[in-house]
Amino acid sequence: MAKKEILNYSSLLPAKKRVKPQRKTTVEALSPAEGSRKKARRVGRGPSSGSGKTSGRGGKGQTARSGYSHKRGHEGGQLPLKLRVPKRGFRSKFKEVFQEVNLFRLEKAGLQGAVGPGELLAAGLIRNATRKIKILGTGEIKQALKITADAFSESARTKIE
């Protein structure tokens, strides 16, 4: 059986281009930059080494043991500061937090027609279109606007109507 000739791109190239390129440096010749590598500190190798006996861990106790890691605010048996300071006040879970927009800001932004959360967000008057919005009555409004919001102050309601 005759050997089939395989035609591909490399077989069409001249013979000298098929030669594998020779590396200029070998892997064995590579070494890290001078001063980039530092020898590891060998602890527990006698008093003359400078870190013998306690191996740089000080005296006895919890901190000298392996696996020790103190938690934030831990004061070693003393009552932590967080527990010593008096607790004051109350914060309700059900408090409604509104994004407040004054009437003079609506006027300054030049909004017209129907104004909703999307338009207020586009004008840069609120930060989040999904949170509640309250319109406050500071300032005057010259043109008629149809405003969609979650709450209105009394003065804003009268000025808009």
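Every value quoted in this text rests on a predicted model; they were computed, and no experiment measured them.

Chemist: Would you explain the overall build of the protein chain in this entry?
Modeler: Within the protein chain, the regular secondary structure consists of five helices and five strands. Reading the secondary structure of the protein chain in the N-to-C direction produces α-α-β-α-β-α-β-β-β-α. Against the compact-globule benchmark of 15 Å for 161 residues, the protein chain has a radius of gyration of 38 Å, which places it well outside the compact range. Expressed along its principal axes, the backbone C-alpha trace of the protein chain runs to roughly 90 × 80 × 40 Å.

Chemist: It is not clear to me how the packing of aromatic side chains should be interpreted in this structure. Could you clarify?
Modeler: Each aromatic ring pair is described using two quantities: the centre-to-centre distance and the angle formed by the ring planes. Applying the stated criterion across every chain, the model contains zero aromatic pairs. One Lys or Arg, Lys 134, reaches over the ring of Phe 98 and ends 6.0 Å from the middle of that ring.

Chemist: Just to check I follow, could you spell out the sheet that holds strand S3 (residues 133–136) for this structure?
Modeler: Pairing is parallel across the open sheet formed by three strands, whose spatial order is S1-S3-S5. Of all the strands in the sheet, just strand S1 (99–102) and strand S5 (151–152) have a single pairing partner and so form its edges. Inspection of the sheet shows S1 paired to S3 by four bridges, in the parallel sense. Its bridge partner lying in S3, Val 101 is registered against Ile 135.

Chemist: Explain unusual backbone geometry here, please?
Modeler: In terms of backbone geometry, most residues other than glycine have negative phi values and most peptide bonds are trans. The residue Lys 53 is not glycine, and still its phi comes out positive at about 50°. Note that Lys 53 resides in the loop between helix H1 (9–12) and helix H2 (81–84). Although it is not a glycine, Ser 55 sits at a positive phi angle of roughly 55°. Turning to its location among the elements, Ser 55 is positioned in the loop between H1 and H2.

Chemist: Just checking my understanding: could you explain the environment of Thr 130 for this structure?
Modeler: Relative to the helices and strands, Thr 130 resides in the loop between helix H4 (117–123) and S3. Spatially, the C-alpha atoms of Thr 130 and Ser 66 are 51 Å apart, while their sequence positions differ by 64 residues. Within the structure, the side chain of Thr 130 is placed 2.7 Å from the side chain of Asn 128, a separation counted as a polar contact.

Chemist: Explain the pattern of salt bridges to me, please; I cannot follow it from the model alone.
Modeler: Opposite charge on two side chains permits pairing when their charged atoms draw close. With the rule as written, the count across this model stands at three salt bridges. Taking the shortest distance from any N to any O, the salt bridge between Glu 75 and Arg 84 comes out at 3.1 Å. Judged by relative accessible area, which is 30%, Glu 75 ranks as partly exposed. Here Lys 159 ties to Glu 140 by a salt bridge, and the two come within 3.8 Å at their closest N and O atoms. Taken together, the positions of Lys 159 in helix H5 (residues 154–160) and Glu 140 in the loop between S3 and strand S4 (145–147) put the pair 19 residues apart, joining distant regions of the chain.

Chemist: Quick question: what am I supposed to make of the pairing of S3 here?
Modeler: Working note: regular strand, side chains alternate between the two faces of the sheet. Here S3 shows a clear split, with Ile 133 and Ile 135 buried on one side and none of Lys 134 and Leu 136 buried on the other. Alignment of S3 against S5, held across two bridges, turns out to be parallel. Following the sheet pairing, Lys 134 is matched in S5 by Ala 151.

Chemist: How should the side chain of Ser 51 be read in this particular structure?
Modeler: Counting through the fold element by element, Ser 51 comes out in the loop between H1 and H2. Once residues within four sequence positions are removed from consideration, Ser 51 is found in contact with Arg 41, Arg 42, Val 43, Gly 44, Arg 45 and Gly 46.

Chemist: How do you make sense of the nonpolar core when you look at a structure like this?
Modeler: It is characteristic of soluble globular proteins that their nonpolar side chains tend to be buried jointly. Residues Val 101, Leu 106, Leu 120 and Ile 135 are the most contacted members of the largest nonpolar core, which totals 14 residues. Of all elements in the fold, only helix H3 (103–109), S3 and S4 reach the threshold of two or more residues within this core. If we skip the residues at most four places from it in the chain, Leu 120 touches Leu 106, Leu 111, Val 115, Leu 125, Ile 126 and Ile 133.

Each value, and the rule that gives it
Residues numbered from 1 in each chain as written. Predicted model: local features only at pLDDT ≥ 70, side-chain atom pairs only at ≥ 80, totals over all residues. Heavy atoms only, no water. Helix = DSSP H or I, 4+ residues; strand = E, 2+ residues; numbered from the N terminus. Rg over C-alpha atoms; globule rule 2.2 N^0.38 Å. Phe/Tyr/Trp six-rings, centres within 6.5 Å; stacked < 30°, edge-to-face > 60°. Lys NZ or Arg CZ within 6 Å of the ring centre and 35° of its normal. Pairing = 2+ DSSP bridges. Polar contact = N/O pair within 3.5 Å; in protein donor to acceptor, adjacent residues only side chain to side chain. Salt bridge = Lys/Arg side-chain N within 4 Å of Asp/Glu carboxyl O. Buried < 20%, exposed > 50% of the residue type's maximum accessible area, 1.4 Å probe, protein only. Contact = heavy atoms within 4.5 Å. Core = buried A, V, L, I, M, F, W, Y, C linked by side-chain atoms within 4.5 Å.

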